[in-house]
Amino acid sequence: MSTILGKRKNVNSLASDQSKRISVETRSFDNGITHLYPDWLKGDYYHVFPLLKRLHSDISNDLSLTGTCYPDLGYVLLNSKNACYAFSYQHSQTLKDPPTITFPLPEENDADDPGLNPLTAIVSSDIPDRDPGILIVMPVSGRIAYWTCIGNALAQPIVKPQGVESKLKLSSNEYCLRLHCAHPFLYIVSTNFGRLFSINLRDSAGLPNICLNTVASHGGLLSKCLEKLKIKNPFASYAVSIMSPPLSSSFRHLLYVTDSSGVVDIYDLKDEVKHVRVDLASTFLKVLEEADIVAEDFQILDSAITSQDGDLITFLGSWKRGSRHKYTLYTCDFSNISNPHLVFVYSLSYTSSKKQLLKIQYPFFGSCFVLVSPNAVIILNARMDVDYNTMYCYRENVIRFKSNVSGDIIASGCKQLSLNSKSSLGHPKLSCLVVTSKAGVTEIEIHGDAQQLNTTESLKKQIEEAVFYGYICENPLDFSWKSTSRPKISEIESLIFSIGKEIITSSSSHLPPALPSLIQHLDLRLNYLNNLVRYVKDIPYDISDGLLFSLRVLGEKCNAARSLWATIDLEMSTASRSLIFQRIIFKLGKEAKLDNSVRNWFMRNIDSIEHLIMQAHNFCIDTASRVQELPVEVMNVVLESNEIILAILSSALTYRMETQGIYSLNADSFENKVPWTSTPDVLTALTRQFELTKSALFQFQQGERDSGRDLLSRDKDVVRNALSNMQVQLVVLTEVCFNAYTERLGWLSEHEDDGENKKELEEAFTINRKFWIQTLFEIGQGGNALRVAEKYRDYRSVVELCYQIFTKKEFDEQIGDYLSKFGKEFSFVLYDYYVEKGMSVELLNSDKHKLNFLTEYFNYRGYNEVSWMHDMREKNYELASHRLLQLANKKEKSVEKKEIELSLGKIFLYANPKGPAKSKDLVLIEQKLEQIHIQKMIAKTIMPVVHRLRLQGKKYQLVEAVIEEITDGKPIPVLARQVMHRVIKSLIGHQVVAVTELIEYLSFSLYRKSELRMEDMTDYYFSLRLLLTTRLTDEAKKFYEDTIWRRAVLNDKWSEVLDTKNKNDAAIEAQVRMTALYQTLHLTAINGLFQEGLAKPTSLSSFLFDEKIYGSIPMIYSPAKFGDTQEVIKILNRESNLLKHYLDKTSLNTWFVSMSLSCDSF
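Residues numbered from 1 in each chain as written. Predicted model: local features only at pLDDT ≥ 70, side-chain atom pairs only at ≥ 80, totals over all residues. Heavy atoms only, no water.

- Per an unreviewed UniProt entry, the chain carries the name Nucleoporin Nup132 and comes from Schizosaccharomyces cryophilus.

Describing the overall build of the chain
Link 1 in the chain: Within the chain, the regular secondary structure consists of 38 helices and 31 strands.
Link 2 in the chain: Per-residue burial for the chain yields a buried fraction of 52% across its 1162 residues.
Link 3 in the chain: In the chain, the proportion of contacts linking residues at least 24 apart, taken out of those at least 6 apart, comes to 61%.
Link 4 in the chain: Approximately 54,500 Å² of the chain is accessible, and the part contributed by carbon and sulfur atoms is 50%. (Helix = DSSP H or I, 4+ residues; strand = E, 2+ residues; numbered from the N terminus. Buried < 20%, exposed > 50% of the residue type's maximum accessible area, 1.4 Å probe, protein only. Contact = heavy atoms within 4.5 Å. Areas by Shrake-Rupley, 256 points an atom, 1.4 Å probe, with all protein chains shown as cover.)

Overview of the nonpolar core
Link 1 in the chain: Ranked by size, the top nonpolar core spans 150 residues in total, and within it Val377, Phe602, Ile648 and Phe826 carry the most contacts.
Link 2 in the chain: Tallying contributions element by element places helix α16 (residues 713-751) first for this core, with 15 residues.
Link 3 in the chain: If you count residues domain by domain, this core takes at least three from each of domain 1 (575-669 + 677-705 + 712-785) and domain 2 (838-891).
Link 4 in the chain: In terms of nonpolar packing, the next biggest core, distinct from the first, is built from 79 residues, Leu958, Ile1044, Val1049 and Leu1094 among them. (Core = buried A, V, L, I, M, F, W, Y, C linked by side-chain atoms within 4.5 Å. Domains from an automatic or database assignment.)

A few points about unusual backbone geometry
Link 1 in the chain: The phi dihedral of asparagine 173 is positive, around 65°, even though this residue is not glycine.
Link 2 in the chain: Looking at the element boundaries, asparagine 173 is found in the loop between β11 (163-167) and β12 (176-183).
Link 3 in the chain: For asparagine 173, a relative accessible area of 39% translates into the label partly exposed.
Link 4 in the chain: In the Ramachandran plot, histidine 990 falls in the positive-phi region, its phi being about 55° despite a non-glycine side chain.
Link 5 in the chain: Along the chain, histidine 990 falls in the loop between α29 (974-988) and α30 (995-1003).

A closer look at the environment of aspartate 921
Link 1 in the chain: Its place among the elements puts aspartate 921 in helix α27 (residues 921-951).
Link 2 in the chain: Under the relative-accessibility criterion, aspartate 921 is labelled buried at 11%.
Link 3 in the chain: When the C-alpha atoms of aspartate 921 and histidine 882 are compared, they prove to be 6.6 Å apart, with 39 residues separating the residues in sequence.
Link 4 in the chain: Sequence-distant contacts of aspartate 921, defined by excluding residues within four places in its chain, comprise His882, Leu885 and Leu909.
Link 5 in the chain: At 2.9 Å, the side chain of aspartate 921 and the side chain of histidine 882 are in polar contact. (Polar contact = N/O pair within 3.5 Å; in protein donor to acceptor, adjacent residues only side chain to side chain.)

A look at the sheet that holds strand β14 (residues 196-202)
Link 1 in the chain: Taken together, four strands build an open sheet; the order of strands is β12-β13-β14-β15 and the sheet is antiparallel. Of all strands in the sheet, those with a lone pairing partner are β12 and β15 (208-216), marking the two edges. Pairwise comparison of adjacent strand axes, ignoring direction, gives a mean angle of 25° for this sheet.
Link 2 in the chain: Judged from the six bridges that link them, β12 and strand β13 (residues 186-191) form a sheet pairing that is antiparallel. Residue pairing across strands places leucine 179 opposite valine 189, the latter belonging to β13. (Pairing = 2+ DSSP bridges. Axes fitted to C-alpha atoms, helices over the stretch in contact; angles between N-to-C directions.)

Considering helix α6 (residues 455-469)
Link 1 in the chain: Taking 1.5 Å per residue as the helical rise, α6 with its 15 residues ought to reach 21 Å, and the 21 Å between its terminal C-alpha atoms agrees with that figure.
Link 2 in the chain: Listed as buried for α6 are Leu459, Lys461, Gln462, Ile463, Glu464, Glu465, Ala466, Val467, Phe468 and Tyr469.
Link 3 in the chain: Measuring from the backbone nitrogen of threonine 456 back to the side-chain oxygen at the start of α6 gives 3.2 Å, which picks out asparagine 454 as the cap. (Expected span 1.5 Å × (residues − 1).)

Some details on empty space enclosed by the protein
Link 1 in the chain: Under the defined criterion, the tally for this structure stands at seven cavities of 30 Å³ or more.
Link 2 in the chain: A volume near 90 Å³ is recorded for the largest cavity.
Link 3 in the chain: Looking at the largest cavity, the residues that line it are Leu649, Ser650, Leu653, Arg656, Thr677, Val736, Asn739, Ala740 and Glu743.
Link 4 in the chain: Residue assignment for the lining of the largest cavity shows that the elements contributing at least two residues are α13 (631-658) and α16.
Link 5 in the chain: Across the lining of the largest cavity, the residue classes tally to four nonpolar, three polar and two charged. (1 Å grid on protein atoms, 1.4 Å probe; cavity = no way out; pocket = protein on both sides within 12 Å on 5 of 7 lines; lining within 4 Å. Points joined across faces, edges and corners; volume = space filled by probe spheres on them. Nonpolar A, V, L, I, M, F, W, Y, C, P; charged D, E, K, R; others polar.)

With respect to helix α28 (residues 958-966)
Link 1 in the chain: Every buried residue belonging to α28 is among Leu958, Val959, Ala961, Val962, Ile963 and Ile966, and all of these are buried.
Link 2 in the chain: Positive phi appears at aspartate 968, one or two residues downstream of α28, with a value of about 60°.

Remarks on the pattern of salt bridges
Link 1 in the chain: Across all of its chains, the model carries 37 salt bridges by this definition.
Link 2 in the chain: The partner of glutamate 790 in a salt bridge is lysine 821, with the nearest N and O atoms 3.7 Å apart. Taken together, the residues span a long stretch of sequence, with glutamate 790 in helix α18 (residues 782-791) and lysine 821 in helix α20 (residues 808-822) at a distance of 31 residues.
Link 3 in the chain: Lysine 906 is paired through a salt bridge with glutamate 926; the nearest N and O atoms lie 3.8 Å apart. Linking lysine 906 in helix α26 (residues 895-911) with glutamate 926 in helix α27, this pair joins segments that are 20 residues apart in sequence. (Salt bridge = Lys/Arg side-chain N within 4 Å of Asp/Glu carboxyl O.)

Structural data, given as structure tokens:
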């Protein structure tokens, strides 16, 4: 027999295995069908689902597959160069390798072999309930084999099947290109020479046979001559489509052959002579030109008869514009075969970067067009315009396949379904099958007429399909963003958020109305929300973070509802046993029936789940007032309220943390969206709930101890377990409180301008967190308290707990670990604690830890009282000296302490390897020491008076008594008395006196007793020395300098000193040398004060006070700050007037000028 038929084999030829038998069964469409796999897609009027998720491994591993689907028979026939595969997809869904009949094909030895696959077809059986047969045509040799029943291949190889073989007479270089079923058992073969052959599989007696005949040979005499010479006819056209009207049509004897240029040849199969050729190329191109389109590479890809009468034919054309290939449908009316006219034109929105061989699939004649490309199925919905008697397309749906998942579409087929059959979407009208090498067989059910969608509705549909079906495992469909127009970002974001709201409120049509398990329904909604976010991240537009934050809130609430339901369902067994849950839900949901209120609320209202927190807390407060009356019930209410609050907030935070990768958002960032888990109401409820729980725990513990002996053992266990649970709740509640406050503070930092609310919240948080942590320690949860403090970086609480929990040795080890773990931030809190508690020794000894930050801490905080000791240990003497100088400059310190600090600072400078001369601090220290030295000299003259007065019983108004004593009771100016009062009071208290106060005190020497003045040197000289140690402004310095010299002049009565009556020169000179002015000038000159920066006086008139010269007297003259400024100015003017009197009445100025000029010779 035939070498083709003889090489058949069945890769699964186990005849005894009934599950692997192939039988021809027509699949019915009814509500009872259950698909083994999840739906790939449920659109608004079409349904995509897998029939067979994988092909046999032999098929998957073969290359260059082509084929055809036969939905009416339930078979798929696939071809390659080496084999032909036939299988049924209806009863193989659960098998790893679906039963497949393989027909190995002979090799065709031809040097010019174009690499074409064989032409095959499944032939319907003329015997009822019998498997169909198969027709194989080899493209190069023309050999034909017809097998009457492929079902016999399941038998053992010894059974010889019935088959027939023949051969086409092909010319040299002529190949078979297409095989078309014109009628049952009549097939048409086209060649590359443009010839058509008919293959009749029945003889005149109706028996299986192969009868060959030539239908057409184009080109007339020239073609026949070339054919005789076995030369390819260059004028022959290639057929891209062969069509024949339905058997019910009156034109069923006609055959339509379309070539790629748009030429249609019409043959009458009854009469071979009749032949009509119609060229539609110009008509098709004219349509494009009228649309102002310059089409390049125009080509007809396919054609199909689209009416029952066979008078309407639709052509699919391809053309190129720019870099994209576009496709157009043309429908022509062939009622008048010789002069057809165009009735419908539609340009697809579907385009491709490369030219694709799209095919038209028309299983029935109506308003639905189905096109199949290598990676997509295109469904067009057309509608008849009655007024103009034309059709127009109002909707185009593209179902794309992912080539990397499914592979290319290698076979397809359609069939019309019974109008009486039903499905979940209504009445399916059409079934389209597509076969891919990696995803098996997929069915697309198309239902009633589709609704016309506007741009927004179409966009929403696209997003919903991607969200609900695009993330199903192994789904071969491509749901990536495809949009022919560029919508506004705001519109996209609005649609996305509305879809999210529909998911969370269970109002989406893609969600099941209900599931037996509510937790499964919540899981499903949460999964879809996550899918929505993933899809948003893949959209090629700049979607705002605000939308992502809004979607995250929906996800948080859905996860919170899921966790809450699980908690209530597990902890309380069922929601019906909950003490407060149903009441709260009933109050929030306003449901008529209490039984359904909980489930309905979780289905519809979880977007307001934050209200449960306040309601649970309020219910707990209301119930707590009955603690004496119903203690056990109150305890259970507290427990359940905590469970509700903790389940909501803890799971919301968990979701936020775990989905950072999905949203690409930090868990602690919220944009402008107020975090619902930390609103002021939530913070208030959490704080009060913690206090209430602590109070309840302590009360119940005390009550359990007091009444424990009266309780039954079973009741004791119940109470003990409840109290234990309450302790655990307090631990978790502490963490939730920390989370909420931290979250709110972070949000206020980013969005509050004035910072007042943040400041208030920080103060409240500081107080509350210490209370929370200490509460955990008090209830015996010290370990958890320490863990929580560590987790939320509450280092102050960590330090305090370490002192409370650990021994000295354990404390040192733990602190060392924390320093290594938390670093500088923790160390600063630890050191601040030492400073606050006065633990200077512990602070200095912190350098015993392997890792310490004392140097950084002291550089940042200062704390010079101790830090200089650390610098001394580190041998940083210059820094230690500087710290001691800063320490000595503080106000209200004792003289002895300041002197010690300055002296140590001076010693450290001399100990510095660089030497003291390079340090600027040495000058300051020496000046400060000189100020203290002069103050101690003053105190040496005052303190004996103080001691004497104390011995006399002067305890009250001691300072006034001292002033009276040193001034000998003489009236003195108010300014002088005020200065003396302040200075003497500081001296009695051994406090440091301000240098300006000392200068003033010494300049008022003329009002004190002469025996109280310092020996050998005048008080005015010391005033000038002190002036050189100050850092006063030039204006203030000039003021003090003039004041000192002026008062030195007024210290003596110059009218008597310069009176020469009855005096010789020696007496006059001796009396002049005794004056304070001379002594001050003499001491200033010989001690080099003028060289150190003191201005040398040239005239006594320069010491006169003029208020106009200076700016604000209180700013440059400190005594004016403590009294009436006008009174001070009056005293200064009085001094100036007295000096002016001396200058006018005596020759004092002349003498002083000559003395000042000669002072260098002193």
